[in-house]
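A structural walkthrough
Here are the chains, one letter per residue:
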Amino acid sequence: MKKLNHFSHPHPLVLVEEEMDWISITYYCSACHQRVEGSSYNCSECDVCLHKFCAELPREINHPFHLDHPLILGGKGCDQYPGFKVYQCNSCGRRYRSGEELCFYHCSSCEFVLDIGCALPPNLSTENFKCALLPNLITGDFPKLKHFSHQHLLFFIQNYNIKLQDRSCTACEEPISGPVYCCFDCMFFLHQKCFDLPLEINHPSHRKHSLTLLPNPPPHPEKCSCHLCTKAYKGFIYYCSLCEFGLMIKYTFSDHKVIKNKHHEHPFTLVARSSIPFICDACGTNGDYCIPYVCTTCAIVVHKDCTSVPRSILITRHDHPIFHIHFLEEKEVKKRDCRICHDEINTEYGCYHCPGCDYFVHLYCAMDKHIFIQEFEMTNENQNLNQMNLGWLSGEPSITRVLKEKKIRGEVIAIEIEHFNHQCKLILCDDVKDEKCCDGCGRSISTSFYCCAECNYILHKRCAESPRKTRHWTCKGTVTLVPYTYFKCVLCCLFCSGLGYTSDVTGRISCIPCFLIPDAFTNQGHAHSIFFDDRTKMKCTVCHDGGRHEKIGAFVCKRKECDHFTLGYTCLALPNTARYKYDEHPLVLTYRDDIHHYSDQCVCDICEESRDPNEWFYYCRICNNSAHFMCVLGKYPFVKLGLTHKYGFHEHPLTFVKKDYYLDYLKCSVCGKYCKGVFFKCNRSGCEYAIDWDCRETLGN
């Protein structure tokens with residue numbers, strides 16, 4: 001019985017000549033992590049198993065990819081690789097950590113690493129060895145050649161490890177395939193066809209001068225894009241320095257002269273001329289400094305990218321599929337604005353539209369990565385556009401059952417319902433006697449609401465009627481209404497308790513009031529319509545905060561006289577009415593102070609500091625009291641007091657409370673400071689555990 005002492009394992013390994021078919025367990029080689037088949041070395045005390053091929057690999061090799069030093073076989077049990085350093089194969093990119101079982105060849109002085117499959121010499125006899133690793137070995141004579149674009153010699157590899165296909169050619173930015181030239185020290189790869197590119201060509205799109213092959217784009221800041229696709233240069237380019245004309249190398253081949261695809265019934269032909277000014281008939285934008293394609297049958301001129309514009313698509317901002325047109329036939333002149341960016345659309349050129357809704361958008365707005373969902377294929381089953389409602393307010397209802405209805409002023413209204421988030425029936429009420437908060441959104445109750453006769457569960461009518469599962473214009477997938485103790489709304493960035501719409505794709509949560517805001521509407525705080533802009537960098541006109549919406553976007557007005565009016569989700573989330581503990585009447589959200597004309601008269605009656613008369617505030621007309629909205633609402637206005645939740649950092653459930661006279665003595669059990677404002681406390685008798693909100697956030701759940 002042949003035994004082997006292998007450096008990666010403390011016990012002797014015994015050779016098993018035949019396949020272990022009698023064992024139902026699948027073993028994997030500790031060196032290459034491939035399934036063990038055929039002869040192998042095994043440890044009788046452990047579950048360690050090595051292919052015979054991997055176990056008998058030489059400890060030291062001289063490899064043509066690294067001629068300066070020999071490569072040593074390393075891995076678990078090798079004293080040359082202490083600590084937890086991470087290594088990466090310079091050929092295939094596989095990662096290793098010193099001390100783990102996987103083996104690799106390594107030069108410690110140069111930190112050069114090769115996977116076993118990448119390192120094995122091509123002349124190594126593999127007869128009598130059965131290892132799944134072998135089909136992936138790099139093979140070839142490895143001739144080394146010099147290329148003008150790189151400072152080192154490049155190895156020519158005929159066949160290579162399949163993991164190299166994750167790499168891209170430095171010249172054309174396409175995945176490598178077929179024979180390849182590479183420098184493993186720099187992770188530099190070239191297709192053989194890119195290696196053989198001529199240094200100078202004559203191209204029909206630029207007949208004045210020849211084009212020179214450059215490994216790097218020119219340094220000038222403007223017009224630094226390919227004249228065919230108008231995209232920023234990537235990889236090698238052919239370039240004329242006299243005219244500042246350049247083409248990426250993939251567009252210099254003949255297969256780009258005529259384009260045929262499913263999106264247009266006729267072929268597009270490349271116009272072999274440069275610097276022809278035109279307006280693209282597909283997207284309506286300027287085509288200067290790029291080479292156009294033409295369809296002679298339809299008499300249209302387009303950018304290269306616009307030759308493949310989808311005929312119909314689905315977007316987040318509209319309920320129906322929208323269709324691409326190259327121009328709009330109209331009997332009368334009518335101004336049309338894009339329903340996404342709200343700039344004017346020139347209907348003499350291309351755009352997307354919904355024929356049933358008079359809905360128009362620019363092509364580039366519809367194809368935005370945050371708005372475009374997918375292409376839409378027309379079939380016999382979906383030709384009726386009126387039945388294809390993909391709306392963000394349709395879907396599975398939250399009201400699971402209507403128990404009783406009543407007709408009020410010609411409208412049928414449910415007055416008794418069952419809701420998915422409550423076990424008892426809910427009754428519609430209009431009489432708001434005491435200060436109550438909605439268990440759906442955390443806002444105070446001031447209009448019709450559903451309440452439970454057996455407990456204090458309350459829902460705004462609009463919260464109860466909100467769909468349970470639906471789509472929303474801010475995300476591509478579906479969203480589901482889920483109950484939470486509390487959560488942070490991704491839109492308004494405020495903490496809320498109750499029901500939150502959770503994205504089934506990203507997991508992001510938004511509160512019901514933010515969810516119900518459309519992408520364009522008229523707000524009482526502004527005279528004109530405002531629309532959502534995810535690219536705005538302006539600060540909110542109301543709170544002067546730009547940090548909250550810089551990653552999400554805000555609502556803007558494009559009229560010049562409005563001086564870039566911007567409204568963030570946080571200010572849109574302000575309730576129309578609010579109550580303050582020392583005020584007898586409800587306070588109304590007011591958008592401009594027309595009573596106190598002078599700034600020295602605008603004082604907050606709560607903090608007694610000055611107010612900006614142009615900023616929103618809460619006002620009681622009966623008492624003539626006014627206050628900053630943050631002074632009225634507090635720090636966490638939409639988290640309902642009294643909610644109890646079990647956290648992992650304390651053995652008992654904690655209740656969300658507000659500091660008062662009886663809780664004045666409590667100190668935070670984490671930071672040791674007196675609790676202020678709102679905090680969590682333990683209601684268990686004898687346990688005085690309390691934790692401030694900010695400290696609780698640092699501990700997680």
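**Section: the overall build of the chain**
A tally of helices and strands in the chain yields nine helices and 51 strands. A buried classification covers 48% of the 701 residues belonging to the chain. In the chain, 51% of the contacts between residues at least 6 apart in sequence involve partners at least 24 apart.

**Details of the confidence of the model for the chain**
With 82% of its residues at a pLDDT of 70 or more, the chain has an overall mean of 80. A low-confidence stretch, residues 77-84 stays under pLDDT 50, and its non-local contacts, those more than four residues away or across chains, total 16 contacts. Note on residues 122-137: pLDDT is under 50 here. Beyond four places in sequence and across chains, it has 36 contacts.

**Structural notes on the layout of surface pockets**
In this structure, the largest pocket spans a volume of roughly 1000 Å³. Taken together, 35 residues make up the lining of the largest pocket; nearest its centre are Val-632, Leu-633, Pro-637, Leu-641 and Lys-658. When contributions to the lining of the largest pocket are tallied by element, the ones reaching two or more residues are strand E44 (577-578), helix H8 (629-633), strand E49 (654-658) and helix H9 (693-699). When residues of the lining of the largest pocket are assigned to their parent elements, the largest contribution, three residues, is made by H8. Of the residues assigned to the lining of the largest pocket, the class counts are 18 nonpolar, five polar and 12 charged.

**A word on the nonpolar core**
Leu-190, Ile-249 and Ile-322 are the most contacted members of the largest nonpolar core, which has 91 residues in total. Ile-249 has contacts with Ala-171, Cys-172, Cys-194, Leu-197, Leu-213, Phe-236, Ile-237 and Tyr-238, leaving out every residue within four places of it along the chain. Counting residues in each nonpolar core, the second largest holds 41 residues, with Phe-487, Leu-494, Phe-565 and Leu-633 among its members.

**Let's talk about the environment of Ile-458**
Within the secondary structure, Ile-458 sits in strand E35 (residues 458-460). Residue Ile-458 is classed as buried on the basis of its relative accessible area of 7%. Between the alpha carbons of Ile-458 and Leu-426 there is a distance of 8.2 Å; along the sequence they are 32 residues apart. Leave out the neighbours within four places in its chain, and Ile-458 touches Lys-436, Cys-437, Cys-438, Asp-439, Gly-440, Ile-445, Phe-449, Tyr-450 and Cys-451.

**Comments concerning the sheet that holds strand E6 (residues 66-74)**
Pairing is antiparallel in the open sheet, where four strands are placed in the order E5-E6-E9-E10. With one partner strand each, in any of the chains shown, strand E5 (60-63) and strand E10 (112-115) form the two edges of the open sheet. When strand polarity is set aside, the average angle formed by the axes of neighbouring strands in this sheet is 30 degrees. Sheet analysis places E6 next to strand E9 (residues 104-107), joined by three bridges and oriented antiparallel.

**As for the pattern of salt bridges**
Summed over all chains, the structure comprises 18 salt bridges. For Asp-337, the salt bridge is made with Lys-335, and the minimal N-O distance between the two is 2.7 Å. Taking relative accessible area as the criterion, Asp-337 reaches 31% and is therefore assigned partly exposed. Look at Lys-335 and you get exposed, because its relative accessible area is 57%. Residues Glu-416 and Lys-404 are paired through a salt bridge, measuring 3.6 Å at the closest nitrogen-oxygen approach. Taken together, the positions of Glu-416 in strand E32 (residues 411-419) and Lys-404 in strand E31 (residues 399-408) put the pair 12 residues apart, joining distant regions of the chain. In the salt-bridge network here, residues are joined through shared partners; they are Lys-334, Arg-336 and Asp-358.

**Some thoughts on the sheet that holds strand E48 (residues 644-645)**
As summarised here, the arrangement of the four strands in space is E48-E49-E50-E51, forming an open sheet in which the pairing is antiparallel. The two strands at the open ends of the sheet, each matched to only one other strand, are E48 and strand E51 (690-692).

**Comments concerning the pairing of strand E41 (residues 529-533)**
Most of E41 is tucked away, with four of its five residues classed as buried. Note that strand E40 (residues 520-522) and E41 share three bridges and pair antiparallel. Each bridged residue has a counterpart across the sheet, and for Thr-522 the counterpart in E41 is Ser-529. Note: E41 against strand E42 (residues 554-556), three bridges, orientation antiparallel. Within the sheet, the bridge partner assigned to Phe-531 lies in E42 and is Val-556.

**A word on the pairing of E32**
Summarising the sheet, E31 and E32 pair through eight bridges and their orientation is antiparallel. Bridge assignment links Ile-408 to a residue of E32, and that residue is Glu-411. A loop of two residues connects E31 with E32, the two strands running antiparallel in sequence, and Arg-409 in this loop sits at a positive phi of about 50 degrees. In the sheet, E32 pairs with strand E33 (residues 425-429) via three bridges, with the strands oriented antiparallel. Across the sheet, Ile-417 pairs through a bridge with Leu-426, a residue of E33. Counting the residues that bridge the hairpin from E32 to E33 gives five residues.

Thresholds, definitions, all that
- Residues numbered from 1 in each chain as written.
- Predicted model: local features only at pLDDT ≥ 70, side-chain atom pairs only at ≥ 80, totals over all residues.
- Heavy atoms only, no water.
- Helix = DSSP H or I, 4+ residues; strand = E, 2+ residues; numbered from the N terminus.
- Buried < 20%, exposed > 50% of the residue type's maximum accessible area, 1.4 Å probe, protein only.
- Contact = heavy atoms within 4.5 Å.
- pLDDT = per-residue confidence, 0-100.
- 1 Å grid on protein atoms, 1.4 Å probe; cavity = no way out; pocket = protein on both sides within 12 Å on 5 of 7 lines; lining within 4 Å.
- Points joined across faces, edges and corners; volume = space filled by probe spheres on them.
- Nonpolar A, V, L, I, M, F, W, Y, C, P; charged D, E, K, R; others polar.
- Core = buried A, V, L, I, M, F, W, Y, C linked by side-chain atoms within 4.5 Å.
- Pairing = 2+ DSSP bridges.
- Axes fitted to C-alpha atoms, helices over the stretch in contact; angles between N-to-C directions.
- Salt bridge = Lys/Arg side-chain N within 4 Å of Asp/Glu carboxyl O.

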